[in-house]
Amino acid sequence: MRKTFVLTLCFAVLSVVCICLAYGEFVPKHDEVVITQNVLYGDPTEAEGVTVELSTHYNYHLFWDTEYVVGKEPKTETEYDFSAKEKYSHGDFEYRGIQVFSNFEFGMNLNNPDPRGIEKAYHELFEQAEPGQELEKEIYLADYCEYYPLRMEIDLENCPLHWVHNVYERDDVSIGPQILHYDGRNTGYFEVFEDYFRIPVLDEETLQIHVRKGINGGINGSGGGWGSGDSDRFDMYSLTAIGNDNCFFVFDAHSFEGKVMDMSLLPDGYGIFAIPYFINEEGTTDIDPYSLDMIYELDPEHWISNFFITDDKSKLLLFTVENGMLMLTVVDAQSYEKLQKTEICAVEDYNHIYDYHVHDDFIVISHSDGLLSVISLEDGGYEYQFTVKRGVDVGDTVYPVDYLKITADMDYDHESDKLLIADSMENQTGGWNMTADFYLSVYDETGMTYHGTYTSSLTTGGRSDDYDYFVRNTDAEYISAQFN
């Protein structure tokens, strides 16, 4: 018996040792990610010392966080994790603040005793229709609206206010304009905005409406959209920024065809607007629309390109197009004084800009025609550095082949005035199926000086034709890159 016990114990110890040896042999391989550099253009020493951090996963169960340092002898370190349950990552939620835009409600409430605006046009067309008939008509907006109808959306942390709108359908009674809490209370805020933003409609703007009357004489369908396409139109849409105690917003004052809209009825004039927000007695976020104010005057002739606030909430950054030149205006977010105004580069129009990448100490502007502009934050304020072509042509090949995505990470070296761009690369299936592979591009005032791709061993195997079966980047902030 004792001999049997000893043999059993020895077998158990041997099994544990074998398991440990096996674990030591195989488990580290989870961490052994190999990244291979592929130099496609330029001098690879331009990226010497660049550190890339990349987060990837397989089907939300297997996870790899890899740090890779570029060099003749590159360094790679990877942390591996496994989750029996699917694990998702999400970026920081960004609130939109207060957005104001023109809005048309296409449709009608048959039982509304007092139709207003374009709903009145629906009622008129409905009266002309025979039972079972569908009618369509192009109307002039100015025949039914003196000013553009508005909609306002409120998106602030811990704020029960949701949206402001003209509502005509509760209990089949016209209840008019209101702002809704989630509990349905009418605060009366909407009238403030409606009275403030009175922008006369264009005489030539048209809308297309249609109604379908049922056999029983009831409404069987209605809808609408823009007019014939030959008329001009105005789409008011605000760009927003959230400060420490104010929501800021601005909108462009041009029609679709470039006509400057009439802003003369705005009480304080046209410019950057601010609405205070605060914590009320109920402990939730509320706004003070009665303190709505224009805090920085703008020329409506100038096109609005984009609008931001710095991360520390101290400065408003306004990009405009003025006489064919892209301009940056910096405004103090507390005193509302102009701190600086800087020329960036010549542009055809405000549609010339594709995207803005705003960082703590630099800004990269991606143009729709394939150019990149770089602005850096120096001791004296924001300084324009250079505008160069994005990518480079090598024979019949263009590097990089894709446009600059909003997901790309960047860094700027203030000493050498070089820009670094990094992003994951797409799987062969295309689209937004990003993989564990990535690219690095370096630019200076002469243009691209280096472009290379970096292939990860994690992309080997799997099913490359199925998005669910290959290693890809995590859902939020999956790549970062920095100069040494």
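Refer to the preceding data block for the structure.
In short, a report on the structure. Small disclaimer: the values here were computed from a predicted structure and weren't measured. (Residues numbered from 1 in each chain as written. Predicted model: local features only at pLDDT ≥ 70, side-chain atom pairs only at ≥ 80, totals over all residues. Heavy atoms only, no water.)

**Quick notes on the environment of Leu125**
Consideration 1: Along the chain, the position of Leu125 falls in helix H2 (residues 118-128).
Consideration 2: Along the chain, Leu125 and Lys137 lie 12 residues apart, while their C-alpha atoms are 7.7 Å from each other.
Consideration 3: Setting aside residues up to four positions removed in sequence, Leu125 forms contacts with Leu135, Glu136, Lys137, Ile209, His210 and Val211. (Helix = DSSP H or I, 4+ residues; strand = E, 2+ residues; numbered from the N terminus. Contact = heavy atoms within 4.5 Å.)

**Notes on the sheet that holds strand E21 (residues 353-358)**
What holds strands together in a sheet is hydrogen bonding between their backbones, with the strands either parallel or antiparallel.
Consideration 1: On the basis of which strands lie adjacent, the open sheet formed by 4 strands has the order E21-E22-E23-E24 and antiparallel pairing. A single partner strand is all that each edge strand has here, and the edge strands are E21 and strand E24 (381-389). Neighbour to neighbour, the strand axes of the sheet diverge by 15° on average, direction disregarded.
Consideration 2: Here 5 bridges tie E21 to strand E22 (residues 362-367), and the two strands are oriented antiparallel to one another. Bridging across to E22, Asp355 finds its partner in Ser366. (Pairing = 2+ DSSP bridges. Axes fitted to C-alpha atoms, helices over the stretch in contact; angles between N-to-C directions.)

**Let's talk about unusual backbone geometry**
What is expected of a backbone is that most residues other than glycine have negative phi and most peptide bonds are trans.
Consideration 1: One non-glycine residue, Lys313, lies in positive phi territory at about 65°.
Consideration 2: Within the secondary structure, Lys313 sits in the loop between strand E17 (303-309) and strand E18 (315-322).
Consideration 3: Residues other than glycine seldom take positive phi values, yet Asp417 does so here, at roughly 55°.
Consideration 4: With a relative accessible area of 30%, Asp417 lands in the partly exposed category. (Buried < 20%, exposed > 50% of the residue type's maximum accessible area, 1.4 Å probe, protein only.)

**Brief notes about helix H3 (residues 189-196)**
Consideration 1: Taken together, the buried positions of H3 are Tyr189, Phe190, Val192, Phe193 and Tyr196. Mapping the buried residues of H3 onto a view down its axis gives an arc of 155°, with all of them on the same face. (Arc of directions from axis to C-beta.)

**Structural notes on the pattern of salt bridges**
Consideration 1: If you walk through the whole model with that rule in mind, you get 9 salt bridges.
Consideration 2: Here Arg151 ties to Glu153 by a salt bridge, and the two come within 3.3 Å at their closest N and O atoms.
Consideration 3: The exposure class of Arg151 is buried, given its relative accessible area of 18%.
Consideration 4: Here Arg233 and Asp235 are joined by a salt bridge, their closest N and O atoms 3.4 Å apart.
Consideration 5: Taken together, the shared-partner salt bridges in this structure form one network comprising Arg96, Arg151, Glu153 and Asp155. (Salt bridge = Lys/Arg side-chain N within 4 Å of Asp/Glu carboxyl O.)

Read these as spatial facts, not as claims about activity.
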